[in-house]
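One-letter residues, chain by chain:
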Amino acid sequence: MSDLEAFRQETRQWLEANCPPEMRQPVRDDEDVYWGGRNATFKNDAQKAWFEAARDKGYTVPSWPKEYGGAGLSPAEAKILRQEMSRIGARPPLSSFGIWMLGPALLKFGTEGQKQRFLNEIARGEIRWCQGYSEPGSGSDLVSMQTFGEDKGDHWVVNGQKIWTSYADKADWIFCLVRTDKDNKYQGITFMLFDMASEGVSTKPILLISGNSPFCETFMDDVKVPKSYGEDVPGYVGEINRGWDVAKYLLGHEREMISGMGGGDRTAAIGSAMKRLAGKNGDDLDPVLRSELALFDVDALAFTAMAEKFMDEMKAGKGHPAQPNMMKYVGTELNKRRHELMMSVGGSRSLEWESEETGGGKPSRNWLRTKANSIEGGTSEVMLNVISKRILELPGS
Amino acid sequence: MPLYHDEDQTMLADTATSFMAEEGNIAKQLRHWRDRNCKDGFGHGLWKQMAEMGFTGMLVDEEDGGLGMGHVEAGIVLEEIGRNLTPSPFLTSSVLAATALKHGSSDLKGRYLPGLIEGESVFAVAIDETAKHRPSRITTRAEKSGNGFKLTGSKSFVIQGASADMLVVAARTSGSDEDEDGITLFAVPKDAANMSHDAVRLVDSSMATHTKFDGVELDGDAVIGEVDGGREILNAMLTAGRVGAAAEGVGVARGAMDMTIDYLKQRKQFGKLIGEFQALQHRASHLYSEVEIARAVVIKAQQLLDEGAESAELMSSVAKAKVAKAAGLAVKEGVQMHGGIGMTDEYDIGLYMKRDRALQEFLGDAYFHANRVAELSGY
């Protein structure tokens, strides 16, 4: 038996022993997702047991090095773990922006001290992070941001406002882009880290067209951000005034995430499920709607192949660095189309805003939520700009 | 298996790319034969050269004298054929007919495969009977007659039918027109009596025939596989052909797209390079995305087919449909973005549009395959 095959057997046994049956169900609502952090509570014992087992094994962040709380898995082993988890439908034991976004940035740009402290806290689910990028006047044009940190020697005094900060009201710390040099558009931004409980930080949820939202506005009013949290633990990532490099790297990760590569089912084929749903509603699929579903499924299955190819190429260090932009563009446009079709198949039932049958209006709320997919993390138009400049090398205007 | 070419396949791709660009390019092949009104629509010299390169027998098993390669490898050659619009019998002979002959007797293999591998023979496949691809319905009949069969009926749009040394013909030996069972495949030699070809030139300058079988007498050993058991072989042949056509389509799409992107970087209007206009940039970027996705699903389908996976059939239809859409977009945007020059015969972009149209129809268009995706998915 090869090492990998042995690893697969071992993983299968470990999952069998440690992933409770309740944790092998699809995620139905926010409570099914465990985000960790200072004020975290578990929905039930199964969620707690699954999280703790995964944490102790390093499986909250399987491919991070062991000294930072991970399991140190090779890419091939991590793929096997993903496959085995998806085979039994296991939920992620811990979801967090720390894992998806800050972690990769710290692994690349962080000091040893930052890695020891923050990566371990993230891996153990002890800290919940939010991301402070966008501002009311700068969405996709991120570098036009105005939030300013005035240099006071050993600390900055930060003033300004962030918007679309997901779960800011529930987060412990924020990783935040702050302008530290007003004269330099790109090389005047610092990537700061600070506690959301700091004096002067306040948050306000934003209600969206879907009727709910994880998003907040975050206000910073004379917030004191230390330049250091101890020996080799700076209060910023990378270099002062060079935070854009970190942000760009992170945006790449965000785009990969939003393009739905991890789960894949956001863009996968829906035709057969929609036929069952239509049948349940006592109706057949309209032939024209059926053909729309079939054409969607062609695109969705082809995109699934693209996602697989993209992952394979990334692992092998092939492929174009701007390719995540293409994945983000196509993935989010597909997801919008998918929910339009799901609304159509559901018919009037899918219009119900809060009935029990619709799980509190899920079809319409999800449909409305997807409209943000091609706006958040860089609009589709910005993605197309990036493709044309960086991949097709079309001339600038 | 990762979804990109391994080292050997990359080497093959380099070889195929330079060979086809040098020997199979538009001026040397497509325009050359078209402008001479060539009755075959392709050059036998190039076919011979392709044999010397080892392309013709790629999918033929080693024990039968071929290279025993897979659909990923055949797809590499097909993509370059598509990119250069190279007219050749590769898809019909080396992919479709070769797949059918895998199931043939050693006699049949011995009779036909050496010619294919040497680039001496050309094969055609006669499946369709109507203007749209409907392989579920086969009305051409082969009735038992002595030790052999008598073939009656007609086939439409047989690509290179008149130039072929042998035609693989799907005929009904039992049952009614729509039956799944009762199909038999025959290897019909070129000189069979009572077979006639009505040749037509298609929009892409390729030659097809409406072929009539008016009591064509065939020996019993013309049967490929089992009598009444041809549907499975036919399906295998169609799946291989569809994946192959998709690979060629990706080549057409990339050829058209590359020409167009180059043009956006050269052509000036209103005092600017037209590639500076965001309206065109966004369309070009969208086009790039679609073509990339089409490439991905084609290699996925090729690998599944080579692995013998059950999902190869579904993915072959996804690939054929996706490529039809993506390549269709590539040629339409190509002609539009070239403006007036794109409408001229002298400029190549229009040739891509013509070839794409023919490839879209060949073995089922996007609608046929989307419908098949729905059926295979149970809706």
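Fair warning: this is a prediction, and the values are worked out from it, not measured in the lab.

(A) Summary view of empty space enclosed by the protein. Residue and element names in this part refer to chain B. On inspection of all chains with the given rule, the structure shows three cavities of 30 Å³ or more. Of the volumes computed, that of the largest cavity is approximately 60 Å³. Along the walls of the largest cavity sit Ala245, Ala246, Gly249, Lys320, Val323, Ala324, Ala327, Asp356, Leu359 and Gln360, which together make up its complete lining. Contributing elements (two or more residues each) for the lining of the largest cavity: helix 7 (230–264), helix 9 (312–338) and helix 10 (349–361). A total of four residues in the lining of the largest cavity trace back to one element, the largest contributor, which is helix 9. Its residues assigned to classes, the lining of the largest cavity comprises six nonpolar, two polar and two charged. In this structure, the second largest cavity encloses a volume near 40 Å³. Along the walls of the second largest cavity sit Leu59, Val60, Asp61, Asp64, Ala98, Leu101, Lys102, Lys109 and Leu113, which together make up its complete lining.

(B) Region of interest: the state of the cysteines. All names here are of chain A. One pass over the structure, following the stated rule, counts zero disulfides over all chains. A disulfide-free cysteine, Cys176 has its sulfur positioned 8.1 Å from the sulfur of Cys130, the nearest such atom. According to the relative accessible area criterion, Cys176 is buried, its value standing at 0%.

(C) Up close: the pattern of salt bridges. Counting across every chain of the model gives 54 salt bridges over all chains. We note a salt bridge from A:Arg24 to A:Glu16, for which the minimum N-O separation is 3.4 Å. In this structure A:Arg24 comes out as partly exposed when scored by relative accessible area, which is 23%. Between B:Lys322 and B:Glu290 there is a salt bridge, with the nearest N and O atoms lying 2.8 Å from each other. Of the two residues, B:Lys322 is situated in helix 9 and B:Glu290 in helix 8 (residues 278–307); the sequence distance between them amounts to 32 residues. B:Glu290 carries the same exposure label as B:Lys322, and that label is buried. Within this structure, A:Glu5, A:Arg8, A:Arg12, A:Glu84 and A:Arg87 form a network of salt bridges that share partners.

(D) Expanded view of the interface of chain B and chain A. Taken together, the 39 residues of chain B in the interface contact 39 residues of chain A. Together, the buried faces of chain B and chain A total about 3,400 Å²; carbon and sulfur atoms form 67% of this surface. When the buried area of chain B at its contact with chain A is split by residue, B:Tyr4, B:Tyr288 and B:Tyr379 rank highest and sum to 21% of it. The tally of links from chain B across to chain A stands at two salt bridges. A salt bridge links B:Lys322 to A:Asp299; the nearest nitrogen and oxygen atoms lie 2.7 Å apart. For the interface between chain B and chain A, the tally reads 20 residue pairs in polar contact (both at pLDDT 80 or more). Of all the elements in the fold, those that place two or more residues in the side of chain B that touches chain A are helix 7, helix 8, helix 9 and helix 11 (366–376) of chain B. The dominant element in the side of chain B that touches chain A, judged by the number of residues it contributes, is helix 8 of chain B, at 15 residues. Classifying every residue of the side of chain B that touches chain A by side-chain character gives 20 nonpolar, eleven polar and eight charged.

Rules and cut-offs
- Residues numbered from 1 in each chain as written.
- Chains lettered and ligands numbered in written order.
- Predicted model: local features only at pLDDT ≥ 70, side-chain atom pairs only at ≥ 80, totals over all residues.
- Heavy atoms only, no water.
- 1 Å grid on protein atoms, 1.4 Å probe; cavity = no way out; pocket = protein on both sides within 12 Å on 5 of 7 lines; lining within 4 Å.
- Points joined across faces, edges and corners; volume = space filled by probe spheres on them.
- Helix = DSSP H or I, 4+ residues; strand = E, 2+ residues; numbered from the N terminus.
- Nonpolar A, V, L, I, M, F, W, Y, C, P; charged D, E, K, R; others polar.
- Disulfide = S-S within 2.5 Å.
- Buried < 20%, exposed > 50% of the residue type's maximum accessible area, 1.4 Å probe, protein only.
- Salt bridge = Lys/Arg side-chain N within 4 Å of Asp/Glu carboxyl O.
- Contact = heavy atoms within 4.5 Å.
- Buried area = accessible area lost by both parts, 1.4 Å probe.
- Polar contact = N/O pair within 3.5 Å; in protein donor to acceptor, adjacent residues only side chain to side chain.

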